[in-house]
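Now for the letters of each chain:
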Amino acid sequence: MKVFNNVEEIQKWCIRLKEQGKKIGIVPTMGFLHEGHLTLVREAKRLCDIVVVSIFVNPIQFGQGEDFGEYPRDLSQDTALLQNELADAVFAPTVKEMYPNGYSTFLEVNSPITTKLCGNSRPGHFKGVTTVVSKLFNICQPDLAFFGQKDYQQLLVVKKMVRELNFPIEIVGVPIVREYDGLAISSRNVNLTPDQRQAALTISSSLKMAQEFIENGETNTRELKQKIQNLIKSEGQPEIEYIEIVDDQELLDLEKIIGKVLIAVAVKYGNTRLIDNLLVEV
């Protein structure tokens, strides 16, 4: 497995492979890899000849007061895990390599889908995401790119960017991977105290509860959101950032459950922010 830190070197390597007819897949990550990331790598291995995993904690998608400094990092552990998964290359640039002095070019999807949910509570977040993802696409020349559905809104934003800017790339969404007790796997889980982690189980429990209510005929989104809120607040001292039930394509607010909907939540336990979601179709 090759490890690259330099943009020019990995770009030349990828271009040579493309010229040889190889299908390249990229798995963009911020590192501190877990089973969710490794699931993306395995799907990329299944569909592609060459798998590149980027590891880069992207500063421009973090807002003021967010956890950029506290975000967990362990490049040695990450490369060992990727070696075991038979990834072909790791791209782990420095901030200066990605954003050299004088850097001033940013890419933004100017759409309602970037202003809802995480976009509402984290202004500028998706501008940072689309900027770094577009750079990774230009650097690594992938045919396919793999993203987890835990970040469902991000998946929609990247798909829209690729479609509207005519990137010749297929975006592959991979289902959420959960821990044994239902908690959605996240690099941030390591920052939870034992009590916070126990309380955080109410997030996935509340989503399952909402699904059961919908399957039993409940269609009022206001009632469902209140039930979700009550369950999450029943343990610990969570700060609920949002609980939303929206359509699965444009993230439009819904008064009634119709067709396929996304139930999405963001909750903070201390300084640790967790997101989770569930797609439900009736």
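See the structure printed just above.
What counts and how
- Residues numbered from 1 in each chain as written.
- Predicted model: local features only at pLDDT ≥ 70, side-chain atom pairs only at ≥ 80, totals over all residues.
- Heavy atoms only, no water.
- Pairing = 2+ DSSP bridges.
- Helix = DSSP H or I, 4+ residues; strand = E, 2+ residues; numbered from the N terminus.
- Axes fitted to C-alpha atoms, helices over the stretch in contact; angles between N-to-C directions.
- Parallel < 35°, antiparallel > 145°, perpendicular 65-115°, else oblique.
- Contact = heavy atoms within 4.5 Å.
- Nonpolar A, V, L, I, M, F, W, Y, C, P; charged D, E, K, R; others polar.
- Phe/Tyr/Trp six-rings, centres within 6.5 Å; stacked < 30°, edge-to-face > 60°.
- Buried < 20%, exposed > 50% of the residue type's maximum accessible area, 1.4 Å probe, protein only.
- Salt bridge = Lys/Arg side-chain N within 4 Å of Asp/Glu carboxyl O.

**Q** How do you make sense of the sheet that holds strand β9 (residues 272-281) when you look at a structure like this?
**A** Strands belonging to one sheet form pairs held by backbone hydrogen bonds; the direction of such a pair is parallel or antiparallel. Strand order in this open sheet of 3 strands is β7-β8-β9, and the pairing throughout is antiparallel. Lying at the two open borders of the sheet, with one neighbouring strand each, are β7 (239-247) and β9. Each strand of the sheet is rotated relative to its neighbour by a mean of 10 degrees, with strand direction disregarded. Across 10 bridges, the pairing between strand β8 (residues 260-269) and β9 is antiparallel. By the bridge assignment for β9, K260 is matched with E281.

**Q** What is the right way to look at the packing of helix α1 (residues 7-19) against helix α6 (residues 125-140) in this model?
**A** Packed helices, taken two at a time, are described by the angle between their axes plus the distance between the axes. At a minimum axis distance of 7 Å, the contact between α1 and α6 shows a crossing angle of 55 degrees. Classified by the angle their axes make, α1 and α6 are oblique. For the pair α1 and α6, the contacting residues are V7, I10, Q11 and C14 in the first and N138, I139 and C140 in the second. Residue composition of the contact of α1 with α6, grouped by class: 5 nonpolar, 2 polar and no charged.

**Q** It is not clear to me how the packing of aromatic side chains should be interpreted in this structure. Could you clarify?
**A** Both the distance between ring centres and the angle between the ring planes are used here to describe each pair of aromatic rings. Using the criterion set out here, one finds 7 aromatic pairs in the structure. Ring geometry for F56 versus Y99: centroids 6.1 Å apart, planes at 50 degrees, classification tilted. Of this pair, F56 sits in the loop between β3 (50-55) and α3 (75-84) while Y99 sits in the loop between α4 (95-98) and α5 (117-121), placing them 43 residues apart in sequence. A relative accessible area of 7% means that F56 is categorised as buried. Judged by centre distance (6.1 Å) and plane angle (75 degrees), the ring pair of F62 and Y71 falls under edge-to-face.

**Q** Help me out: how do you make sense of the pattern of salt bridges in this one?
**A** Summed over all chains, the structure comprises 14 salt bridges. The closest approach of N and O atoms between D276 and R178, which form a salt bridge, is 2.8 Å. Of this pair, D276 sits in strand β9 while R178 sits in the loop between β6 (170-174) and α8 (194-215), placing them 98 residues apart in sequence. With a relative accessible area of 4%, D276 lands in the buried category. Residue R178 is classed as partly exposed on the basis of its relative accessible area of 29%. Salt bridges linked by common partners bring E35, R42 and E85 together as one network.

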